[in-house]
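Each chain, letter by letter, is given below.
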Amino acid sequence: MFQMEEERELRLKRNEEILREIPDSIRKCNIRIIGIPEGEEKEKGAENLFKEIMAENFPNLVREMDLQVTEANRSPNFINARRPTPRHIVVKLAKVNDKEKILRTARQKKLTYKGTPIRLSADFSAETLQARREWNDIFKNLKDKNLQPRILYPAKISFKYDGEIKTFPDKQKIREFIATKPPLQEILRKTLIPEKIQKRKGATKPRAEEISRRTTTESSSSTSEQIKPWDEKQRKLKKTGKQDTKW
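Residues numbered from 1 in each chain as written. Predicted model: local features only at pLDDT ≥ 70, side-chain atom pairs only at ≥ 80, totals over all residues. Heavy atoms only, no water.

A.B. asks: In this structure, what is going on with the pattern of salt bridges? I would like to understand it.
C.D. replies: Opposite charge on two side chains permits pairing when their charged atoms draw close. Applying the stated criterion to the full structure yields eleven salt bridges. With a shortest N-O distance of 3.7 Å, Arg 8 and Glu 5 are connected by a salt bridge. Of this pair, Arg 8 and Glu 5 both sit in helix α1 (residues 2-26), separated by three residues, roughly a single helical turn. Residue class for Glu 5 comes out partly exposed when judged on its relative accessible area of 33%. (Salt bridge = Lys/Arg side-chain N within 4 Å of Asp/Glu carboxyl O. Helix = DSSP H or I, 4+ residues; strand = E, 2+ residues; numbered from the N terminus. Buried < 20%, exposed > 50% of the residue type's maximum accessible area, 1.4 Å probe, protein only.)

Put into structure tokens, the structure is as follows:
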């Protein structure tokens, strides 16, 4: 049964990856600009705002490439009053290579817009973003130990260990790798507890309480059923003035 369940989970995971690649392929030329205050694009337009950011932060890169912007706009279209941070600006470029060059250069420096810190990132589907967020705890632990972790597309993690770059598509592969690596086990022990075990631990106490409650109820019911006929017999004997010595 466990083997069948694991095979089923693998099939579901493969299907999810295939479905995730469809919107990601549509967004492959997109760049997200994070941290631009709301309304900055109204006067000059989102496209001109992006070109201004490029000129301010990447002057040499702008001279080297023929930068072509297909479209640019805020995303999502509506403003959420509960969201404290400004919406992202999504810029669609004509060439994937231009996007990769810009993001590669952006990782090596701090970006600003009129003195305000901003960030540039690739534009992924919601499913891919969620899958990448699941590495957050592991990524933080590895970074604290200076193992140079990176999140690769679509949702893989890589880090440097013993002078080599190791890449893993999921947490199970990391568990198998660290099985013979005590130092890594100590670093990732808390963040790599299998989810199934956590769920079982969480369900053990309520299950035990339920069993205990049922046992107590059944025991009380059984005892009351035994006492009831005995009480009835004692009342009859009391009327006749006799006592039951067999009970």
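Anyway, onward from the coordinates.
A.B. asks: I would appreciate a short explanation of the nonpolar core in the present structure.
C.D. replies: Where a protein is soluble and globular, its nonpolar side chains tend to be buried together. The biggest cluster of nonpolar side chains holds 25 residues, and the ones touching the most others in it are Ile 33, Ile 36, Phe 50, Phe 58, Leu 93, Ile 102 and Leu 120. Going through the elements one at a time, β1 (30-34), α3 (46-57), β3 (88-93), α5 (96-106), β4 (111-113) and β5 (116-122) are the ones with two or more residues in this core. Top contributing element to this core by residue count: α3, with five residues. If we skip the residues at most four places from it in the chain, Leu 93 touches Cys 29, Ile 31, Phe 50, Leu 67, Gln 68, Val 69, Thr 70, Asp 98, Lys 99 and Ile 102. (Core = buried A, V, L, I, M, F, W, Y, C linked by side-chain atoms within 4.5 Å. Contact = heavy atoms within 4.5 Å.)

A.B. asks: What exactly am I supposed to notice about a nonpolar patch on the surface here?
C.D. replies: A cluster of nonpolar residues, Leu 19, Ile 22 and Ile 26, forms a patch on the protein surface that exposes about 330 Å² of accessible area. The topology assignment puts Leu 19 in helix α1. By relative accessible area, Leu 19 is classed as exposed at 59%. (Patch = residues over 30% accessible without salt bridge, like charges linked within 9 Å, V, L, I, M, F, W, Y side chains within 5 Å. Areas by Shrake-Rupley, 256 points an atom, 1.4 Å probe, with all protein chains shown as cover.)

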